[in-house]
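Listed below, chain by chain, are the residues.
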Amino acid sequence: MHQAQVTQGPLRGVPLRMVQACQGLRGRRLPFVAVAFGTGVGLYFALPVEPLAWQAAGLAICAMTLFAVAYACRDGAGVIALLMAALVCGLLSGIARTAVVAGPVLEFRYYGSVEGRVVHIDRSSSGAVRLTLDQVRLDGIAPDATPRRARVSLHGPDPETVAPGDQVMTTAHLSGPNGPTEPGGFDFQRHAWFLKLGAIGYSRVDLLRTAPPDRGLSVAIARLRTLVSDGMRARLPGVQGEVAAAITTGDRSGLPDDVVDALRASNLAHLLAISGLHMGLLVGFVFWAVRGGLALWPAVALRHPTRAWAAACALPFAIFYLFLSGGSVATQRAFVMAAVMLIAILVGRRALSLRSVALAAILVLVWRPESLTGPGFQMSFAATGALVVAFRGLAPLRHHHRWGAWFTGWRGGILSLLISSIVAGAATAPFAALHFNRVGQFGVLANLLAVPAMGMLVMPLLLLGLLLWPLGLGLEVAPFWLAGQGIAWIIGVAEFVAGLPGSVGHVKAPGPVVLPLLGLGMAVLGCTVGRGRWLALSLVVVAAMLWLRSPRPDVLIASDGRVVGIMTAEGRQLSRDEGAAFAAMNWLENDGDGASQWQAASRRGVPPDLPEIVALRGKTGLDAALNRCATEALWIVTPVRVEAPSGQCRIFDERSLRETGALAITKADPDGTITIRTSAEGQGRRPWTRAGRESVE
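None of the values given here were measured: they were computed from a predicted structure.

## Some thoughts on the pairing of strand S10 (residues 564–568)
Successive residues of a regular strand alternate their side chains across the two faces of the sheet.
Working step 1: Of all five residues in S10, four are buried; the element is thus mostly enclosed.
Working step 2: Counting the residues in the hairpin turn of strand S9 (residues 555–557) and S10 gives six residues, including Gly-561, whose phi is positive at 75°.
Working step 3: The pairing of S10 with strand S11 (residues 571–574) spans four bridges and is classified as antiparallel. Of the residues in S11, the one forming a bridge with Gly-565 is Leu-574.
Working step 4: Count of turn residues in the S10/S11 antiparallel hairpin: two residues.

Right, dumping it as C-alpha cells:
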C-alpha cells in the first residue's frame, strides 16, 4: 500500500504519518531534545577516531542549517530537524570539551623530582594519602610537555600538616594513566583526560614544602572544607565523624573499609556520595523551613508569594553546599538539578517535571559531556525521571473518591516514601548492576529504613550545626551529636541488611551495546506516551536479552603482563594470588564472580582448549620457557621485554602489551577460531590514547 508523504517544503518525501506523530510532540519537545543531545554525546564517545577541525566545522554548519529548518517549520514537522540539530550539538559539545581539557600526557616512566601545588587530598584504594597537584614541574621536562595535573600516592610517612594550596616537592615514580583492564572495560585514560590528569604515580620519600601556600578563592574554599572535615571528626569521633565529613565536604579518606562494604552491600553507598539526594534534602529542608516559618505570619502568607521567597532563600544554600562539598562532577550535576527546580518555582512553574529534568540534563551535558558515561549521571537522572513519571501517573488517584485518602496525612507520607524507594530503586538497579556488577537484594528495605533518618535527622541537624558553629558558643555540639545518632542508625541498618543471607547478588558485565540500548530505551520510555512506549520497552527488552547472552573471554591478559586469567568450569583461574590486584579483582567482578583473588588463584578447573599459556612474573623461568619453544607452541606472558627468538611460541611481553593494552582471547565453537581483542582497538585513536596522540604528531 502506498504511504502518504509530504509533497513540498524541506521535509518533502518524509512519510506523512511520521510528520503527524512529530507534530503531536508539541509541548513535550524539551525531553526529546535532551534525549537527542545525550545521544549525540554518546555517539561522540563511541567514535573510533577524533573528528578533525574541518569535520567539526562542517558539523557546526549542519547544526545551524537544521536549526534554521526547525524554525522555518516550527508549526509543523520542524521538530524532526530540531532533534537532529540537538544530536549534532551533542557531538560538538564532546569535541569542544575534549579540546578545552587537552594537555600533555607522560609517554614514558619518569623518576625524579616532582613539584606542584596541592589542589586535592584523598586516599587511594590501598589507604595511602593521595595528592593531586597542579602547576606541576618535572626535572628535565619542558613546561609545554609537562602534564597540567599529576596525582601522587604517598607510600611513606603520612604528611601531618599538608593542606590545599601548599607548594610541595617530593621524589616520585610517574607514568601516564593506564588503559582499561580488559577490552571494553572502564577507560581510566579517558577519565583522567577529562580530570586533566597527565601523570599518575607514587612516592616513598618525605614531602617537603617549597613555598608559602597560595592565597585565592579556590584555596580558601579548600581550606574551609578541611576545617569543616576536621571539626566534624573532633565533635563526632569515630565512624560517625567520618560519615559526617563524607556527606558534608565529600572527604571519604577516613572511612573504614568494613563500613563502606556494608553500605555497598545494602545499596546505601549513595548516601556517602554527595549527589542529588543530599542536595535535594538540604534544599528541601531550607525551602520548607522558610515557607513554614512565613506561614506562621498570616499578614505575609496571605499577601505575598512565600513559595517563591522560600525558593530564593534555598538557592544560596545550594550554592554554599556546592563549594563546601568540593564541587565534584556529581555535586555540580546535583546543583544544576536543584537550581533548575528552584528557578522554576521562582518563575511560577512546576518544580519537578520532565521539562525541568530535561533542562537540567542538557545543562549538565553542555558543561560536562563526559558525565554521560559515568554511573552518577545515569543513575541520578534515571531515578529523578522515573519518580516524575510515576507520581504523574498516580496523580489521578489523589483525587479519586476511594483512593485519595491514602495520599494524605501520615499515610500519604509513608506511601510516598514506599513508592519513591521502589521506583527509584527499580530505575537505578540496572545501571548499578551494569557498572558495579553487584545488586543489593534488600536495597529497598535498607533505603526505607535509612533514607528517612538521613532526610529528617542527619541533614537538617548537620546544617543547623554548621550555622551555629561560627558563633563560637558551643551551640553546635547538640545538633552534631543528634546527627551522629542518625548516622549510627544508618550504619546499623547497613550492617544488618548486609549480614542477611543472600544480601548481595553478582552479575556479569554486559556487551558494549547493552548500556546505550538500555539508556536510550529508558529515556524514550519516560518521554513518550501511547504506542511510543512499546518501542522504548522493546529497546529495554533487547538490551536485557543481549546482557544475558553476553559472553566472557576465555583468557584475559593484563596490560602490564603481570597477571593472566583463564576461564575454567569453576570460574576464572588467576595466575597469581597477590599483586596486580586491581586488574584481577576487576576481572572477577566483570565475571559476576564473588571470589577473592587468592580463591581464584587456587582453582584447578579445566581450561579452554587453547595453546598452553605460561604466565611468568619476570625473568625467572623465562629461559626455560623459551627453550621449550623449539618443539612446542606455547603462549608466554611476561612483564619484561623478550629479546630472544620465540620459535614456535607466541610472546606477550612488555613491548607488545604496551602497544596493544590488555587482551581478551575467545575461542569460538565449534570451528575453534581464536579471536584476540585488544584494548587499543576498542579505545580507538582518541586524544586520551597513545595511538591518538601519535596520529596528531
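Now that the structure has been shown, the text picks up again.
## Observations concerning the packing of aromatic side chains
Working step 1: For the structure shown, the criterion picks out eight aromatic pairs.
Working step 2: Seen in terms of ring centroids, Tyr-44 and Phe-45 are 5.1 Å apart; in terms of plane orientation they differ by 70°. Their pairing is edge-to-face. The same class applies to Tyr-44 as to Phe-45, namely buried.
Working step 3: With centroids separated by 5.0 Å and ring planes inclined at 90°, the aromatic side chains of Phe-287 and Trp-288 adopt a geometry described as edge-to-face.
Working step 4: When its relative accessible area of 7% is taken as the criterion, Phe-287 is described as buried.
Working step 5: Feature note: the residues Tyr-44, Phe-45, Phe-194 and Trp-688 constitute an aromatic cluster, connected by ring pairs.
Working step 6: Above the ring of Tyr-44, the side-chain terminus of Arg-686 is found at 4.6 Å from the ring centroid.

## Side note on the sheet that holds strand S13 (residues 635–637)
Working step 1: On the basis of which strands lie adjacent, the open sheet formed by three strands has the order S12-S13-S14 and parallel pairing. A single partner strand is all that each edge strand has here, and the edge strands are strand S12 (613–615) and strand S14 (650–652). Each neighbouring strand pair of the sheet contributes to a mean axis angle of 15°, computed without reference to strand direction.
Working step 2: As paired elements, S13 and S14 share three bridges and run parallel to each other. Bridging across to S14, Ile-636 finds its partner in Ile-651.

## Let's talk about the confidence of the model for the protein
For residues with low pLDDT, the predicted coordinates do not support detailed interpretation.
Working step 1: Model confidence for the protein is summarised by a mean pLDDT of 85, while 90% of its residues fall at 70 or above.
Working step 2: Mean pLDDT across the elements of the protein bottoms out in helix H1 (residues 16–23) (56) and peaks in S9 (95).

## Quick look at the environment of Ala-432
Working step 1: By the element assignment, Ala-432 lies in helix H15 (residues 409–436).
Working step 2: Each C-alpha atom, one on Ala-432 and one on Val-114, is 38 Å from the other, the two residues being 318 residues apart in sequence.
Working step 3: For Ala-432, the contacting residues outside a window of four places in its chain are Met-379, Asn-437 and Arg-438.

## Let's talk about the packing of helix H3 (residues 53–72) against helix H4 (residues 78–100)
Working step 1: Between H3 and H4, whose axes approach to 8 Å, the crossing angle comes to 155°. For the element pair H3 / H4, the angle class is roughly antiparallel. Every pair of crossing elements has a handedness; the one defined by H3 and H4 is left-handed. Contacts from Ala-56, Leu-59, Ala-60, Cys-62, Ala-63, Leu-66, Phe-67, Val-69 and Ala-70 in H3 reach Gly-78, Ala-81, Leu-82, Met-84, Ala-85, Val-88, Cys-89, Leu-92 and Ile-95 in H4.

## Structural notes on the nonpolar core
Working step 1: Counting 55 residues, the largest nonpolar core has Met-232, Leu-268, Met-279, Met-454 and Leu-462 as the members making the most contacts within it.
Working step 2: Among the secondary structure elements, those contributing two or more residues to this core are helix H6 (217–235), helix H7 (239–249), helix H8 (257–265), helix H9 (276–295), helix H11 (306–324), helix H12 (329–346), helix H16 (443–468) and helix H17 (477–498).
Working step 3: In terms of residues, this core owes the most to one element, H16, which gives 11 residues.
Working step 4: Residues within four places of Leu-268 in sequence aside, it is in contact with Leu-263, Ala-446, Asn-447, Ala-450, Ile-490, Val-493 and Ala-494.

Parameters at a glance
- Residues numbered from 1 in each chain as written.
- Predicted model: local features only at pLDDT ≥ 70, side-chain atom pairs only at ≥ 80, totals over all residues.
- Heavy atoms only, no water.
- Buried < 20%, exposed > 50% of the residue type's maximum accessible area, 1.4 Å probe, protein only.
- Helix = DSSP H or I, 4+ residues; strand = E, 2+ residues; numbered from the N terminus.
- Pairing = 2+ DSSP bridges.
- Phe/Tyr/Trp six-rings, centres within 6.5 Å; stacked < 30°, edge-to-face > 60°.
- Lys NZ or Arg CZ within 6 Å of the ring centre and 35° of its normal.
- Axes fitted to C-alpha atoms, helices over the stretch in contact; angles between N-to-C directions.
- pLDDT = per-residue confidence, 0-100.
- Contact = heavy atoms within 4.5 Å.
- Parallel < 35°, antiparallel > 145°, perpendicular 65-115°, else oblique.
- Left-handed = near helix turned anticlockwise from the far one by under 90°.
- Core = buried A, V, L, I, M, F, W, Y, C linked by side-chain atoms within 4.5 Å.

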